[in-house]
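# Fold and contact review
One-letter residues, chain by chain:
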Amino acid sequence: MSVTESEVRIDIADLSARVRTNDHDVAQWVCRYFGQWWRAGRTLADTIGHDVDVTARIDPARFDEIAARVNESDHDTVLYARKDMRLIRTDGEILGYGEDHVAYAVSGDRVEIVGTDTVTVASAACRLAREALRGLLAASGWVLLHASAVVRDDRAALAFGTKGSGKTAVALQLVTATGGALLANDRVFARANDTGTVTVAPWPAAAAIGFGLLDAADWYDQVAAARDELHPSTTSAVLDALAQRDRAPIRQGNRELKPQLYPDQLTGLLGIPLATNGTVDVVLFPSIDATRNPELTEGGRQIGADDTFSGKEEDRYPNVFDLRTPETDHASTAVFAALNALPKLTVALGHDTRANTDLLGKLS
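A short tour of the structure in this document, coming up. No experiment lies behind these values; they were computed from the predicted model shown. (Residues numbered from 1 in each chain as written. Predicted model: local features only at pLDDT ≥ 70, side-chain atom pairs only at ≥ 80, totals over all residues. Heavy atoms only, no water.)

## A look at the pattern of salt bridges
Tallied over the full model, the rule gives 19 salt bridges. Among the salt bridges present, the one from Asp186 reaches Lys167, with a minimum N-O distance of 3.8 Å. Linking Asp186 in the loop between strand 12 (181-184) and strand 13 (187-192) with Lys167 in helix 4 (residues 167-178), this pair joins segments that are 19 residues apart in sequence. In this structure, the salt-bridge partner of Arg301 is Asp307, at a minimum N-O distance of 2.8 Å. Note on Asp307: relative accessible area 6%, which makes it buried. Salt bridges sharing common partners tie together Glu7, Arg18, Arg20, Asp53 and Arg110. (Salt bridge = Lys/Arg side-chain N within 4 Å of Asp/Glu carboxyl O. Helix = DSSP H or I, 4+ residues; strand = E, 2+ residues; numbered from the N terminus. Buried < 20%, exposed > 50% of the residue type's maximum accessible area, 1.4 Å probe, protein only.)

Structure below.
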C-alpha cells in the first residue's frame, strides 16, 4: 500500500471489514458513517484478521476498463439504487457499472469499487461493506428486523410497524422521555441467545426524519441550518424546502421525502445519544393519530416473517452482487419466539410531543 492510501477497519459483533482507499475523504466518510453505531477507525496499512476486503478508489482508468468489459459482453440491466446498472458474471466475478459512474468487481468477500467522484465511491463502499457484513451476520444467526430500538441501562425497547406507523417517532420521543439512547430508527439486527433473551445491534444508515416530527420536537431549525451538510441522499426538493423554512411535508406518490441525517448528526444536531447494543425486554407497537390523546395499552400482535427485511422490502438495493446470505429459518424462528414471549405494549401517539413524552416516561 502506498503512503497516499488509507485503511479503515469496521467491526460489528465478532466480524470485521477492511476498506482501503486512495482518497482521504472516502476514508473519512467510511469512519463517519459506521463509527457511531459500529466500530470504525483508521488502522495501519495491511492489517490482518478481517472477514471482508473492500477497495474503494478514485480511478477513472479502472472505471473505463470495467465499463468496457461489461459493454463488450452480453450484459443484463438491473435497477440498483433507483438507477440503471449494467452487469455481467464472468470467471467467478461479478462486474457492473451504473449511471452514477461507479464500477464494481466482486468476487466472494473481495469487493472492488472505482469511480470518479468521492461521494459516490464512498457511498458505494459503505453500502457494500455493510451488505457483506450483513451476509456474514446472517450466517452466524443474526436476523434483520424492520423495527426501531431504544436502549437504557443495556435494556432495549423494540418498536415494530409498517412505514408511517410511528417507529421513528416513538423511538426518538422515548429517548427524550427516558434518558435512553437510540440504537435503530428503522432496521435492527437481532439474535436469540441460549438463555431465551434477544440481543440487538445497529444497522448503520442515514436517518430519515419527517418535517412534522422535526417541527414538533423543535429540531427543524437546527436541521434547516445544517441543510448543506446533510447526507447526499436528501433530495433537492427537501433541501429547497429547508432553505425556505417550509414545514409542509413533501410527498412523491405514497412516499414522504425527508431530510436524511448522518448517524453522528443525530447526536450533534438533535442531541440524541446512540447505543451500540442491548437486550430486549419490551416490544412496542406504535401508531400516530392526531385526533386522540396518547395512550399505552397492554398487548400486541405476534412478531413474524413480515417484520423482517426480505423480498419487496429490498427493492432499492437488490442482491445483485450475491453478498446477502439468506437468514436461516432456525435463527428467525428463535428470534420470533423469544420476542413473542416478552411483554408487549400498544402505543398510541398524538401530535402533542410533550404529552407523548410524559406518557413514554412511564416506560423508564
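Okay, back to it.
## Details of the packing of helix 1 (residues 24-35) against helix 3 (residues 118-139)
Relative to each other, helix 1 and helix 3 sit at 45°, their axes nearing to 9 Å. Judged on the interaxial angle alone, helix 3 and helix 1 are oblique. The handedness of the crossing between helix 1 and helix 3 is right-handed. Facing helix 1, whose interface residues are Asp25, Val26, Trp29, Val30, Tyr33 and Phe34, helix 3 presents Thr118, Val119, Val121, Ala122, Ser123, Cys126, Ala129 and Arg130. Grouping the amino acids of the contact of helix 1 with helix 3 by side-chain chemistry returns 10 nonpolar, two polar and two charged. (Axes fitted to C-alpha atoms, helices over the stretch in contact; angles between N-to-C directions. Parallel < 35°, antiparallel > 145°, perpendicular 65-115°, else oblique. Left-handed = near helix turned anticlockwise from the far one by under 90°. Contact = heavy atoms within 4.5 Å. Nonpolar A, V, L, I, M, F, W, Y, C, P; charged D, E, K, R; others polar.)

## Some thoughts on helix 7 (residues 236-243)
Residues lying three or four places apart along an α-helix face the same way, a consequence of the helix completing one turn every 3.6 residues. Those residues of helix 7 lying buried are Val238, Ala241 and Leu242. Along the axis of helix 7, the buried residues cluster in a sector spanning 100°; they form a single face. Looking at the buried side of helix 7, the elements it contacts are helix 5 (211-216), helix 6 (220-225), strand 16 (250-252) and strand 17 (255-257). Note on helix 7: the residue one or two positions beyond its end, Arg245, has a positive phi of about 55°. (Arc of directions from axis to C-beta.)

## What about the environment of Asp329?
Structurally, Asp329 can be placed in helix 9 (residues 329-340). Residues Asp329 and Asp91, spaced 238 residues apart in sequence, show a C-alpha to C-alpha distance of 31 Å.

## Considering the pairing of strand 8 (residues 102-107)
Of all six residues in strand 8, five are buried, a share of seventy percent or more. Relative to strand 8, strand 7 (residues 93-98) runs antiparallel, the two being bridged by four bridges. Looking across to strand 8, one finds that Tyr97 is bridged to Ala103. As consecutive antiparallel partners, strand 7 and strand 8 are separated by three residues, and within that stretch His101 has a phi angle of approximately 60°, a positive value. Strand direction decides the pairing type here: strand 8 and strand 9 (residues 110-115), joined by six bridges, are antiparallel. Looking across to strand 9, one finds that Val106 is bridged to Val111. Between strand 8 and strand 9, which follow one another and run antiparallel, lie two residues, and Gly108 among them has a positive phi close to 65°. (Pairing = 2+ DSSP bridges.)

## Notes on the sheet that holds strand 1 (residues 6-12)
Overall, mixed pairing links the nine strands, which are arranged 3-1-2-4-9-8-7-6-5 in an open sheet. In this open sheet, the two edge strands, each paired with only one partner strand, are strand 3 (39-42) and strand 5 (76-80). The sheet shows a mean angle of 20° between the axes of neighbouring strands, direction not considered. Of the strands in this sheet, strand 1, strand 2 (15-21), strand 3 and strand 4 (52-58) touch helix 1, which is tilted by about 155° from strand 3. Strands strand 4, strand 6 (83-90), strand 7, strand 8 and strand 9 of the sheet are contacted by helix 2 (residues 60-71), whose axis makes an angle of about 105° with strand 7.

## Regarding the packing of helix 4 against helix 10 (residues 353-360)
Two elements in contact, helix 4 and helix 10, have axes whose closest approach is 8 Å; the angle formed by their N-to-C orientations is 65°. Taken together, helix 4 and helix 10 sit at an angle that is classed as roughly perpendicular. For the pair helix 4 and helix 10, the crossing hand works out as right-handed. Each of Val170, Gln173, Leu174, Thr176, Ala177 and Thr178 in helix 4 lies in contact with helix 10, whose residues at this interface are Thr353, Asn356, Thr357 and Leu360.

## Focus: the packing of aromatic side chains
Pairs of aromatic rings are described using the distance from one ring centre to the other and the angle between the two planes. The full count for this structure, using the stated rule, is 12 aromatic pairs. Centre to centre, the rings of Phe211 and Tyr220 are 5.5 Å apart; their planes meet at 70°, and the pair counts as edge-to-face. By relative accessible area, Tyr220 is classed as buried at 1%. Put simply, the rings of Tyr33, Phe34, Trp38, Phe189 and Trp203 pair up and form one aromatic cluster. The cationic tip of Arg187 hangs over the ring face of Phe309; the distance from NZ or CZ to the ring centre is 3.8 Å. One residue, Arg247, lies across the ring of Tyr220, its end atom 4.2 Å from the ring centre. (Phe/Tyr/Trp six-rings, centres within 6.5 Å; stacked < 30°, edge-to-face > 60°. Lys NZ or Arg CZ within 6 Å of the ring centre and 35° of its normal.)

## A word on the pairing of strand 13
One ladder, built from four bridges, connects strand 10 (residues 143-152) with strand 13; its direction is antiparallel. In the sheet register, Leu144 faces strand 13, and the bridge partner there is Phe189. Direction of pairing for strand 13 relative to strand 14 (residues 198-202): antiparallel, over a ladder of five bridges. In the strand pairing of strand 14, Val188 is matched with Pro202. Following strand 13, the chain reverses through five residues before pairing antiparallel with strand 14; Gly196 in that reversal takes a positive phi of roughly 90°.

## Examining the environment of Thr43
Relative to the assigned elements, Thr43 resides in the loop between strand 3 and strand 4. Among the residues examined, Thr43 registers a relative accessible area of 27% and is labelled partly exposed. Measuring from C-alpha to C-alpha, the distance between Thr43 and Gln173 comes to 37 Å, with 130 residues separating the pair along the chain. Leave out the neighbours within four places in its chain, and Thr43 touches Glu7, Val8 and Arg9.

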